[in-house]
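# Structural features, examined
The lines below spell out each chain.
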Amino acid sequence: MQYVAIAVIGLVVGLVVGRFLAGNNFSVKGDVVFGVIGAFAFAVGLSASGVAPESGLGGASVMAAIGAIAALLLRRVMGTV
């Protein structure tokens, strides 16, 4: 169930960022893909390191949102992905 929530949070964050940030070199579809990838990468990375919160679905949602935002901001900063 948490993986579905992580994917949905990444999708929503990608849609919001793609809709409201200007200067986008990808479409909204690219932002959604980067949001989902970032959400999964951050959630899996924190879980593997043992730092992940044990609060269930709420903690997974927060981790997914942070990871998606970080991936999208990193892509925007680098600009050449």
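Residues numbered from 1 in each chain as written. Predicted model: local features only at pLDDT ≥ 70, side-chain atom pairs only at ≥ 80, totals over all residues. Heavy atoms only, no water.

### Thoughts on the overall build of the protein chain
- On a plain count of helices and strands, the protein chain comes out with three helices and zero strands.
- Ordered by position in the sequence, the α and β elements of the protein chain form the string α-α-α.
- Burial status across the protein chain gives 30% buried among its 81 residues.
- Counting contacts in the protein chain only where the partners sit at least 6 residues apart, residues at least 24 apart contribute 72% of the total.
- Accessible surface computed for the protein chain: about 4,800 Å², of which carbon and sulfur atoms make up 75%. (Helix = DSSP H or I, 4+ residues; strand = E, 2+ residues; numbered from the N terminus. Buried < 20%, exposed > 50% of the residue type's maximum accessible area, 1.4 Å probe, protein only. Contact = heavy atoms within 4.5 Å. Areas by Shrake-Rupley, 256 points an atom, 1.4 Å probe, with all protein chains shown as cover.)

### Examining the confidence of the model for the protein chain
- On average, residues of the protein chain score 80 in pLDDT, and 85% of them are at 70 or above.
- Helix α2 (residues 28–49) holds the highest mean pLDDT among the elements of the protein chain, 85, whereas helix α3 (residues 57–78) holds the lowest, 83. (pLDDT = per-residue confidence, 0-100.)

### Here we look at the pattern of salt bridges
- Applying the stated criterion across every chain yields a total of one salt bridge.
- In this structure, arginine 75 engages aspartate 31 in a salt bridge whose closest nitrogen and oxygen atoms are separated by 2.2 Å. Taken as a pair, arginine 75 in helix α3 and aspartate 31 in helix α2 lie far apart in primary sequence, 44 residues in all. Like aspartate 31, arginine 75 is buried. (Salt bridge = Lys/Arg side-chain N within 4 Å of Asp/Glu carboxyl O.)

### A few points about the nonpolar core
- Judged by nonpolar contacts, Ile6, Val13, Val17, Ala39, Ala43, Leu46, Ala60, Met63, Ala64, Ala68 and Leu72 together constitute the single largest core of 11 residues.
- Broken down by secondary-structure element, the contributors of at least two residues to this core are α1 (2–20), α2 and α3.
- A per-element tally of this core places α3 first, with five residues.
- Setting aside its immediate chain neighbours within four residues, alanine 43 contacts Ile6 and Met63. (Core = buried A, V, L, I, M, F, W, Y, C linked by side-chain atoms within 4.5 Å.)

### What about the side chain of aspartate 31?
- When its relative accessible area of 0% is taken as the criterion, aspartate 31 is described as buried.
- A polar contact of 2.2 Å, which involves the side chain of aspartate 31, links it to the side chain of arginine 75. (Polar contact = N/O pair within 3.5 Å; in protein donor to acceptor, adjacent residues only side chain to side chain.)

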